[in-house]
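Observations on the three-dimensional arrangement
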Amino acid sequence: MSQPPPTTRTGLARAMSKLGFCSRSRATELIRMGKVQVNHVVRKNPEFPVVLKKDIIIMDDVSINQAKQVYVMLNKPRGLVTSASDELGRETVYSCFEGSRLPHLSPVGRLDKASEGLLLFTNDNTWADAITNPDTHVDKTYHVQIGGTVDEKRLAQIRQGVEDEELGGHLSAKAVKILRAGEKNMWLEVILDEGRNRHIRRLLEAFNIEVLRLMRVKIGTLELGSLPKGKWRELSKNEIAKLCVQM
């Protein structure tokens, strides 16, 4: 007779983060302050083991197990760091949510400080993981202003890619095309179906191409559209569903 699979237990602070209630560090603070109950008993140990979807976690007399799942898109401005806090004291993307009544949301992927455009946030970790997982190959579309100009031969080389010793892998683009060209610079559209740290910048730098501006304008079927810089909005059910279909 086969044995039932072992029950998976998760530390209380990590469980609160996975449920999208708050960050793990904030959960640790709340637990140590005696504000969190598990099955109606106060627990002050952030590592207290709980079983997700079974144990009841309560904060301020309200169960957080069934926290509403929220999906948000932000038009990230240049100069903001994609993190909840920064050890160097730099302004983060969370400054764009000041005054809102949103629950704790985590970024879905990242944009570096110098980049801008479409950035997703959610407290649905399963949905976020599916978008960022390289195996799902969700397209991300960028508009990139470069210094100088390139021809079709160079674009073909960019599509083919290069080996990046620092990252230990191959960098390439799924598609690259010219959007518009001037005498001294050019705008390219670059599509990736994976994303490594500073992927586009590293790829273009390998061909001695200077990146002047980098903006993500689309993830899957979801377009940045006319959302103003620094502003955010919740995704519609249809937008969420369309992204799920692609995964």
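Scoring rules and cut-offs
Residues numbered from 1 in each chain as written. Predicted model: local features only at pLDDT ≥ 70, side-chain atom pairs only at ≥ 80, totals over all residues. Heavy atoms only, no water. Helix = DSSP H or I, 4+ residues; strand = E, 2+ residues; numbered from the N terminus. Domains from an automatic or database assignment. Contact = heavy atoms within 4.5 Å. Buried area = accessible area lost by both parts, 1.4 Å probe. Salt bridge = Lys/Arg side-chain N within 4 Å of Asp/Glu carboxyl O. Polar contact = N/O pair within 3.5 Å; in protein donor to acceptor, adjacent residues only side chain to side chain. Nonpolar A, V, L, I, M, F, W, Y, C, P; charged D, E, K, R; others polar. Pairing = 2+ DSSP bridges.

1. Notes on the environment of Gln157
- The topology assignment puts Gln157 in helix α4 (residues 152-160).
- Along the sequence, Gln157 and Ala173 sit 16 residues apart, while their C-alpha atoms lie 9.7 Å from each other.

2. Some words on the domain arrangement of the chain
- By the assigned domains, the chain splits into domain 1 (10-63), domain 2 (71-135 + 225-243) and domain 3 (139-219).
- Once you take the C-alpha centre of each, domain 1 and domain 2 turn out to be 25 Å apart.
- With seven residues of domain 1 at the interface, the matching set in domain 2 holds four residues.
- Together, the buried faces of domain 1 and domain 2 total about 360 Å²; carbon and sulfur atoms form 44% of this surface.
- Area buried by domain 1 at its contact with domain 2 is led by Lys18, Gly20 and Ser23, which between them contribute 69% of it.
- Counting across the interface, domain 1 meets domain 2 through zero salt bridges.
- The interface formed by domain 1 and domain 2 holds zero residue pairs in polar contact (both at pLDDT 80 or more) in total.
- Across the side of domain 1 that touches domain 2, the residue classes break down as three nonpolar, three polar and one charged.

3. Some points on the sheet that holds strand β3 (residues 41-42)
- Read across the open sheet, the four strands follow the order β3-β2-β5-β6; overall the sheet is antiparallel. Looking at the sheet topology across the chains shown, the edges are occupied by β3 and β6 (62-63).
- Looking at chain direction, strand β2 (residues 36-38) and strand β5 (residues 57-59) are connected through three bridges and run antiparallel. Bridge pairing in β5 links Val36 to Met59.

4. A short note on the pairing of strand β15 (residues 210-219)
- Relative to β15, strand β9 (residues 116-122) runs parallel, the two sharing two bridges. When the sheet's bridge partners are listed, Glu116 is paired in β15 with Met215.
- Both strand β10 (residues 140-147) and β15 contribute to a ladder of eight bridges, which runs antiparallel. Paired with Lys140 across the bridge in β15 is Ile219.
- Note that β15 and strand β16 (residues 222-223) share two bridges and pair antiparallel. Pairing of Lys218 across the sheet is with Glu223, part of β16.
- Two successive antiparallel strands, β15 and β16, enclose a turn made up of two residues, where Gly220 displays a positive phi of approximately 60 degrees.

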